[in-house]
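# Examination of the molecular architecture
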Amino acid sequence: MSSTIRLENSEHVSSSSTMQSLPRELLLDLIAIIGSQSFIDLHKMKVCCKDFLEVAQESYVLQKISLENFPFIEWTRTPNENALLFFKQCVESENSESLYRDGLLKYFNYPDGNIVGLLSLKIAAQTGHKEAMYVYGMILLCSEDQESRKQGVEYMRSLRKSKCIMSLRMKVQSLTNSLWKNNGMLVRNQTPICNSKRTCYGWRVKEGRWSLLDDEDDDIKLCENCRWDYELIRVLL
């Protein structure tokens, strides 16, 4: 038994030493890849040695790190100080998932929601973060400014082509629950996006009602503007 333990420890030390001997630039790329796949695995590496800890704190690594298993920080609770510090470092490094979460918390924090949160959501959306694209696109669709609404349509159109609107809606709602509902931070423009309701039959005739079963049921040949009016109704019920 003891010989097995010594062997395993020896292999661990040998593996760590081998990685430490890599050129720093290569080590940086390697740790960034590990972080992008698993926050937990990155944390395990950080406690191995000082060199790994230093590299793991580089902005390049923090920008790419996966936060899939990292708890969602809410203003209604007092977060762990270490977790909060780590999250802030990710935001400062423009990690797209952290920007998305930071944007949600700051923009929809009633009654103190602020434009900084909207900027975080915008940056995350521009990196291609799909949940951020969905939320930012919906915010723009609610705007009274027509140019902003057009930009919102562009974001939503891109997601619709990927057939992921409904799945994203469910992801966003499962994360935020009632974060933006009935708190006054997201108010719908009452003017429909589709200005041809009397002559547009695209969505009104689909199964007799506004009905979507899944993303595959989202027929992109039907009226696009009606589609976004429908999405606003679903989100802001």
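Structure: see above.
In short, a report on the structure. Quick caveat, the model's predicted, so the values are computed rather than measured.

What follows is about the overall build of the chain. Within the chain, the regular secondary structure consists of twelve helices and zero strands. Within the chain, the proportion of its 237 residues that are buried is 43%. Looking at the chain alone, contacts between residues at least 24 apart form 63% of all its contacts between residues at least 6 apart. By element, 51% of the accessible surface of the chain is carried by carbon and sulfur atoms, the whole surface being about 13,700 Å².

So, on to helix α10 (residues 146–161). Helix length check: α10, at 16 residues, gives a terminal C-alpha distance of 22 Å against a target of 22 Å (1.5 Å per residue), a fit within 8%. Among the residues of α10, Ser-148, Arg-149, Gly-152, Val-153, Tyr-155, Met-156, Leu-159 and Arg-160 are the ones counted as buried. Buried residues of α10 fall within an arc of 165 degrees about the axis and therefore sit on the same side. Along α10, the residues that are exposed and aim more than 90 degrees away from the buried face are Lys-150 and Lys-161. Regarding α10, its N-cap is Asp-145, as a side-chain oxygen of that residue lies 3.3 Å from the backbone nitrogen of Glu-147 further along. Lys-163 sits one or two residues past α10 and shows a positive phi near 55 degrees.

What follows is about the packing of aromatic side chains. This model, assessed by the stated rule, comprises four aromatic pairs. Arranged with centres 6.5 Å apart and planes meeting at 5 degrees, the rings of Phe-70 and Phe-87 form a pair that is stacked. In this pair, Phe-70 is assigned in the loop between α5 (59–64) and α6 (81–92) and Phe-87 in helix α6, connecting sequence segments 17 residues apart. Centroid distance Tyr-136 to Tyr-155: 5.4 Å. Interplanar angle 85 degrees. Geometry classified as edge-to-face. Here Tyr-155 lies in helix α10 and Tyr-136 lies in helix α9 (residues 130–141), a separation of 19 residues in the sequence. Among the aromatic residues, ring-to-ring pairing joins Phe-70, Phe-86 and Phe-87 into one connected group. The positively charged end of Arg-160 is found above the aromatic ring belonging to Trp-228, 5.7 Å away from the centroid.

Moving on, we get to the pattern of salt bridges. Scanning all chains against the criterion turns up seven salt bridges. A salt bridge links Glu-97 to Arg-101; the shortest N-O distance between them is 2.8 Å. Of this pair, Glu-97 and Arg-101 both sit in helix α7 (residues 96–107), four residues apart, which is roughly one turn of the helix. Residue Glu-97 shares its accessibility class with Arg-101, and that shared class is buried. Here Glu-224 and Arg-157 are joined by a salt bridge, their closest N and O atoms 2.8 Å apart. One end of the pair, Glu-224, is in helix α12 (residues 224–235); the other, Arg-157, is in helix α10, and 67 residues separate them in sequence. Beyond isolated ion pairs, a larger network of salt bridges with shared partners links Glu-154, Arg-157 and Glu-224.

Rules used in this analysis
Residues numbered from 1 in each chain as written. Predicted model: local features only at pLDDT ≥ 70, side-chain atom pairs only at ≥ 80, totals over all residues. Heavy atoms only, no water. Helix = DSSP H or I, 4+ residues; strand = E, 2+ residues; numbered from the N terminus. Buried < 20%, exposed > 50% of the residue type's maximum accessible area, 1.4 Å probe, protein only. Contact = heavy atoms within 4.5 Å. Areas by Shrake-Rupley, 256 points an atom, 1.4 Å probe, with all protein chains shown as cover. Expected span 1.5 Å × (residues − 1). Arc of directions from axis to C-beta. Polar contact = N/O pair within 3.5 Å; in protein donor to acceptor, adjacent residues only side chain to side chain. Phe/Tyr/Trp six-rings, centres within 6.5 Å; stacked < 30°, edge-to-face > 60°. Lys NZ or Arg CZ within 6 Å of the ring centre and 35° of its normal. Salt bridge = Lys/Arg side-chain N within 4 Å of Asp/Glu carboxyl O.

The values are spatial; any link to function lies outside them.
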